[in-house]
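The chain contents come next:
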Amino acid sequence: TKRWLGCPRPCPCHTARPGEACHENVKWVLRRGVRRHPGWYRGLTPRSRIEDVQARLAEDEATGCRAPCRPRAWGRPSLFCFSVF
């Protein structure tokens, strides 16, 4: 099986939603954790993307976070793109 982002394809991902324990953990990291424990969250800041924080938390089983789904780099092509190409 080919591996992508550290998991076999298709990669099971789930971006945390409000009300879920992982989402609460992500909020805590952004609000308090990054400042109180910078060594635990190297590379993250209070302005980090939610998916980046969740990806870090997914490295620790105790957080209850799975790997987040990543948005597409370019999004969906517009009608303009189709007409040009």
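Above this text is the structure in question.
On a predicted model such as this, the values are computed, not experimentally measured, just so you know.

Asker: Before we go on, may I ask you to explain the overall build of the chain in this structure?
Answerer: In terms of regular secondary structure, the chain is built from three helices and two strands. Within the chain, the proportion of its 85 residues that are buried is 24%. For the chain, long-range pairs separated by at least 24 residues make up 37% of all intrachain contacts whose partners lie at least 6 apart in sequence. Carbon and sulfur atoms make up 55% of the accessible area of the chain, which amounts to about 6900 Å² in all.

Asker: Help me understand helix 1 (residues 21-36), please; the structure alone is not making it clear to me.
Answerer: At 3.6 residues per turn, the α-helix brings residues three or four places apart onto the same side. When the local axis directions of helix 1 are compared, the greatest deviation, roughly 50 degrees, occurs at Val29. If you check which residues of helix 1 are buried, you get Cys22, His23, Val26, Val29, Leu30, Gly33 and Val34. Next to the buried residues of helix 1 lie helix 2 (50-57).

Asker: Looking at this structure, how should I read the side chain of Ser48?
Answerer: Here Ser48 lies in the loop between helix 1 and helix 2. Owing to a relative accessible area of 15%, Ser48 belongs among the buried residues under this scheme. Reaching out from Ser48, the side chain makes a polar contact with the backbone nitrogen of Thr45 at a distance of 2.7 Å. If near-sequence neighbours (up to four positions away) are discounted, Ser48 is found in contact with Leu30, Gly43 and Val53.

Asker: Sorry, what's going on with the packing of helix 1 against helix 2 here?
Answerer: When two helices pack together, their arrangement is captured by the angle between the axes and the distance separating the axes. Interhelical geometry of helix 1 versus helix 2 gives an angle of 105 degrees and a closest axis separation of 10 Å. Here helix 1 lies roughly perpendicular to helix 2, going by the angle between them. In contact with Cys22, Asn25, Val26, Val29 and Leu30 of helix 1, helix 2 contributes Ile50, Val53, Gln54 and Leu57. Split into classes, the residues belonging to the contact of helix 1 with helix 2 amount to seven nonpolar, two polar and no charged.

Analysis parameters
Residues numbered from 1 in each chain as written. Predicted model: local features only at pLDDT ≥ 70, side-chain atom pairs only at ≥ 80, totals over all residues. Heavy atoms only, no water. Helix = DSSP H or I, 4+ residues; strand = E, 2+ residues; numbered from the N terminus. Buried < 20%, exposed > 50% of the residue type's maximum accessible area, 1.4 Å probe, protein only. Contact = heavy atoms within 4.5 Å. Areas by Shrake-Rupley, 256 points an atom, 1.4 Å probe, with all protein chains shown as cover. Bend = angle between axes of the 7 residues up to and from the residue. Polar contact = N/O pair within 3.5 Å; in protein donor to acceptor, adjacent residues only side chain to side chain. Axes fitted to C-alpha atoms, helices over the stretch in contact; angles between N-to-C directions. Parallel < 35°, antiparallel > 145°, perpendicular 65-115°, else oblique. Nonpolar A, V, L, I, M, F, W, Y, C, P; charged D, E, K, R; others polar.

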